[in-house]
Amino acid sequence: MSTIAQPIPAAAQASRPSLAGLTRAGLADALRGVGVPEREIKMRTGQLWHWIYFHGVTSFDTMLNVSKVLRATLADHFTLARPEVTSAQVSKDGTRKWLIRMPSTGPFDKGAEIECVYIPETDRGTLCVSSQVGCTLNCSFCHTGTQRLVRNLTAQEIVQQLLVARDQLGDFPGLTPPTDGLIPSGEGVRAVSNIVFMGMGEPLYNFDQVRDAIAVLSDGEGLSLSKRRITVSTSGVVPEIANLGDQAGTMLAISLHAVRDDLRDELVPLNKKYPIKELLDACRNYPGVSNARRITFEYVMLKGVNDSPREAKELVRLLKGIPAKINLIPFNPWPGTKYECSDWETIETFSDIVFNAGYASPVRTPRGRDILAACGQLKSETEKMRARARLMLEEQLALSSD
Ligand code: SAH
Ligand code: SF4
């Protein structure tokens, strides 16, 4: 390596960007920016890639096959920092929930907060990641849709959720796993083996960043998650569904929740734009769909709203001919919602009809309820606590100025 950029002043160093979570193209640009010559870019990118994603290192010092001079230049300009974990909770059943604060993007951004949930089972570990802060879509039963602040996450911020999870789970070489809850391990079993885009946000409204993040998550020389173990859940952004199959090649989940357009218009307002028939046509044509690669249809069980036996039969009829799995989700109530979760017997009757039509084990067991590990709830609780603290402070100030 010939040209090395000049040292940068301390003030600039305080805001050194992190390289952790970048795509290959992003890393290459960063290297060019500090003067690495073009002929070395590919090789150096490969080296950084291996250290960041295979070893999970957080310091340039450990990159022993990178020259000392380049290591020092990189450390002058960049970090390998992860975003801050502002809250970490472990449920009795081993489910973990982290609230992660992304660094501020400008003077008017205090730093977005997103949530990330880890659900361990004996043979797998699933990480539920967010694709946006909040969501613009306002599904009537979803708490995330009621949050005002919305922005897209970058591909880097999406990838960083897995890095944070693997740090916290002690799942990089040299780290020790925590002992306070189930973490799957053993021959061929990984702590995080599956990723679902079912946290905050609509992933297909942030398609480019989600696609780029998936390329990093599934890269065989780094994080190496199988694309068959990455599922993108959408409320039905029809024009992007084929692009997801072609450009990302992941599994697809559809938040269906209703079998008639009038009801779905109410529950998932995006249905007014892309009604059920168009959505199911896009599913039939999803690139790569087959009996071995089925589409998951999510159906949230809302008492007296969408949970009758007639609707179960209609659901089975609608999905005929589509390689499908059905996931019945018990509604997770939140303060102020007008909905209730269906009774257990109603869910069982619904589930029996679906089961008898040939779909196996369809009810999703609620996990981590004691730590509110579902859909926008941890963040909202934390926000509420902050609001309460602010209120108390304001009251104190008002009293002291009396
Ligand atoms: N925006 C995407 C992905 C995030 S939501 C989508 O809508 O598919 C992930 C899943 O959680 C969706 O199926 C969504 O409908 C469901 N969901 C949202 N709020 C819920 C709640 N309160 N109880 C149960 N499931 C909920
Ligand atoms: Fe957004 Fe999905 Fe919630 Fe609907 S269910 S508001 S699309 S996060």
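Definitions and cut-offs
- Residues numbered from 1 in each chain as written.
- Chains lettered and ligands numbered in written order.
- Predicted model: local features only at pLDDT ≥ 70, side-chain atom pairs only at ≥ 80, totals over all residues.
- Heavy atoms only, no water.
- Helix = DSSP H or I, 4+ residues; strand = E, 2+ residues; numbered from the N terminus.
- Buried < 20%, exposed > 50% of the residue type's maximum accessible area, 1.4 Å probe, protein only.
- Contact = heavy atoms within 4.5 Å.
- Areas by Shrake-Rupley, 256 points an atom, 1.4 Å probe, with all protein chains shown as cover.
- Pairing = 2+ DSSP bridges.
- Near = heavy atom within 4 Å.
- Nonpolar A, V, L, I, M, F, W, Y, C, P; charged D, E, K, R; others polar.
- Polar contact = N/O pair within 3.5 Å; in protein donor to acceptor, adjacent residues only side chain to side chain.
- pLDDT = per-residue confidence, 0-100.
- Arc of directions from axis to C-beta.

1. A word on the overall build of the protein
- Helices and strands together make up the secondary structure of the protein, namely 12 helices and 11 strands.
- Expressed as a percentage of its 402 residues, the buried residues of the protein come to 50%.
- A separation threshold of at least 6 residues defines the contact pool for the protein, and within that pool the share at least 24 residues apart is 67%.
- Counting every atom, the protein has about 18,900 Å² of accessible surface; 54% of that belongs to carbon and sulfur.

2. Section: the pairing of strand S2 (residues 96–101)
- Where burial is concerned, most of S2 is hidden: 5 out of the 6 residues are buried.
- Inspection of the sheet shows strand S1 (residues 84–90) paired to S2 by 6 bridges, in the antiparallel sense. By the bridge assignment, Val90 is partnered in S2 with Arg96.

3. Topic: the site of ligand 2
- Cys135, Leu137, Asn138, Cys139, Cys142, Gly145, Gly201, Glu202 and Ser235 make up every residue found near ligand 2.
- Looking at side-chain class alone, the shell around ligand 2 contains 4 nonpolar, 4 polar and 1 charged residues.

4. Some remarks on the site of ligand 1
- Residues in contact with ligand 1 amount to 21 residues; listed here are only the nearest, Gly201, Ser233, Ser255, His257 and Asn332.
- Note that an oxygen atom of ligand 1 is positioned 2.6 Å from one of the side-chain N or O atoms of His257.
- In this structure, a nitrogen atom belonging to ligand 1 sits 2.9 Å away from a main-chain N or O atom of Asn332.
- Bound to the protein, ligand 1 loses 94% of the 530 Å² it would expose on its own.

5. Some words on the confidence of the model for the protein
- Averaged over all residues, the pLDDT of the protein is 88; the fraction at 70 or higher stands at 87%.
- Here residues 1–13 is modelled with pLDDT under 50, and outside its nearest four sequence neighbours on either side it reaches 24 contacts, counting other chains as well.

6. Notes on helix H7 (residues 238–248)
- All of the buried residues along H7 are Val238, Ile241, Leu244, Gly245 and Ala248. All buried residues of H7 project into a common sector of 115° when viewed along the axis, lining one side.
- Of the residues trailing H7, Gly249 is marked for its positive phi of about 65°.

7. Structural notes on unusual backbone geometry
- The phi angle at Asn138 is positive, at roughly 55°, despite the residue not being glycine.
- Mapped onto the secondary structure, Asn138 falls in the loop between strand S5 (132–133) and strand S6 (151–152).
- Despite not being glycine, His257 has its phi angle at roughly 65°, a positive value.
- With respect to the helices, strands and loops of the structure, His257 is situated in the loop between strand S9 (251–255) and helix H8 (261–267).

8. Brief notes about helix H9 (residues 276–284)
- Regarding H9, the residues found buried are Ile276, Leu279, Leu280, Ala282 and Cys283. The arc that holds the buried residues of H9, viewed along the axis, is 155°, so those residues lie on one side.
- Buried-residue contacts for H9 involve H7, S9, H8, strand S10 (295–301) and helix H10 (309–318).

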